[in-house]
Amino acid sequence: MNGQYYGNLLPQIRKAIVQKRIGELTRGVLLLQDNAPVHTTHVAREALKDSGFSEIDHPPYNLDLAPSNFFLISNLEKVLLGRIFADDNEMKAAVDRHLEEKDTENFLDGFKALYARCEKCISLEGDYIEK
C-alpha cells in the first residue's frame, strides 16, 4: 500500500460510513490512524482533508496504543486461527462477516480500552505497558 492507494480508499470509506450511518453524521467522522508513512504522505493528507474526516492526533508509534494490536486483530486472529481459505476473496469474506457480527458496544469497549491504555502509558511516562 502506498499514499496514493490509501488516499483513493478514503472517499470509499466515507461513502460506506454515510450509507451505514444515515442521518448520524451531524458531528462528522473522527479518524484515528497511526503515524505510518502511508498515512502521512502528502497525497494521503490531502485525501483525508478532501474526504471531510477529522483526525485524532496519535502519539509516536507505540505497540500498546495501536488498536489493531490489542483489540481488532487479536479478536480476528482467534476466529481465523487454523482456517484454510481457497483464495483471498474467501478470506476477505470471513473477515467481513466477523466485523459485521460485532455490535456497537463491542467497538465502544475497544475504544474505552484504548483510552485506558493511553492513560496508563502517560502514567508510565511512555514506557511499554506489556513487557
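Residues numbered from 1 in each chain as written. Predicted model: local features only at pLDDT ≥ 70, side-chain atom pairs only at ≥ 80, totals over all residues. Heavy atoms only, no water.

The name that an unreviewed UniProt entry assigns to the protein is Histone-lysine N-methyltransferase SETMAR, with the source organism given as Euphydryas editha.

Novice: How would you summarise the overall build of the protein if you had to cite specific residues and measurements?
Specialist: The helix and strand tally for the protein stands at six helices and two strands. Going residue by residue from the N terminus, the α and β elements of the protein occur as α-β-α-α-β-α-α-α. Sorting the 131 residues of the protein into buried and exposed places 24% on the buried side. Sequence separation of at least 24 residues holds for 61% of the intrachain contacts in the protein that already meet a minimum separation of 6. Accessible surface for the protein amounts to roughly 9,600 Å². Of this, 55% is attributable to carbon and sulfur atoms. (Helix = DSSP H or I, 4+ residues; strand = E, 2+ residues; numbered from the N terminus. Buried < 20%, exposed > 50% of the residue type's maximum accessible area, 1.4 Å probe, protein only. Contact = heavy atoms within 4.5 Å. Areas by Shrake-Rupley, 256 points an atom, 1.4 Å probe, with all protein chains shown as cover.)

Novice: Outline the pattern of salt bridges, listing residues and values.
Specialist: Pairing between side chains of opposite charge can happen when their charged atoms approach one another. This model, assessed by the stated rule, comprises one salt bridge. The shortest N-O distance in the salt bridge between Glu55 and Arg45 comes to 2.3 Å. Taken as a pair, Glu55 in strand E2 (residues 54-56) and Arg45 in helix H3 (residues 42-51) lie far apart in primary sequence, 10 residues in all. (Salt bridge = Lys/Arg side-chain N within 4 Å of Asp/Glu carboxyl O.)

Novice: Lay out the packing of helix H1 (residues 3-20) against H3 in plain terms, naming residues and giving numbers.
Specialist: The interhelical angle for the contact between H1 and H3, taken along N-to-C directions, is 10 degrees, at an axis separation of 8 Å. What the angle tells us is that H1 and H3 run roughly parallel. H3 is crossed by H1, and the crossing has right-handed handedness. Residues Gly3, Gln4, Tyr6, Gly7, Leu10, Pro11 and Arg14 of H1 pack against Val43, Ala44, Ala47, Leu48 and Ser51 of H3. (Axes fitted to C-alpha atoms, helices over the stretch in contact; angles between N-to-C directions. Parallel < 35°, antiparallel > 145°, perpendicular 65-115°, else oblique. Left-handed = near helix turned anticlockwise from the far one by under 90°.)

Novice: Tell me what's going on with the side chain of Ser51, and back it up with residues and numbers.
Specialist: In this fold, Ser51 is placed in helix H3. Judged by its relative accessible area of 10%, Ser51 falls in the buried class. Beyond its immediate chain neighbours, meaning those up to four positions away, Ser51 contacts Leu10, Pro11 and Arg14.

Novice: Would you mind going over H3 in detail, with residue names and values included?
Specialist: Looking at H3, one finds that the buried residues are Ala44, Ala47, Leu48 and Ser51. Viewed end-on, H3 has its buried residues packed into an arc of 105 degrees, placing them on one side of the element. In H3, those exposed residues whose orientation departs by more than 90 degrees from the buried face are His42, Lys49 and Asp50. On its buried side, H3 packs onto H1, strand E1 (30-32), helix H2 (37-40) and E2. Taken from the residues just after H3, Gly52 is the one with a positive phi, measuring 85 degrees. (Arc of directions from axis to C-beta.)

Novice: Please give an account of the nonpolar core that cites residues and values.
Specialist: Counting nine residues, the largest nonpolar core is built from Tyr6, Leu10, Val29, Leu31, Val38, Ala44, Ala47, Leu48 and Phe53. Elements represented by at least two residues in this core include exactly H1 and H3. Residue contributions to this core peak at three residues, all from H3. Beyond its immediate chain neighbours, meaning those up to four positions away, Phe53 contacts Leu10, Ile13, Arg14, Ile17, Val29, Leu31 and Leu48. (Core = buried A, V, L, I, M, F, W, Y, C linked by side-chain atoms within 4.5 Å.)

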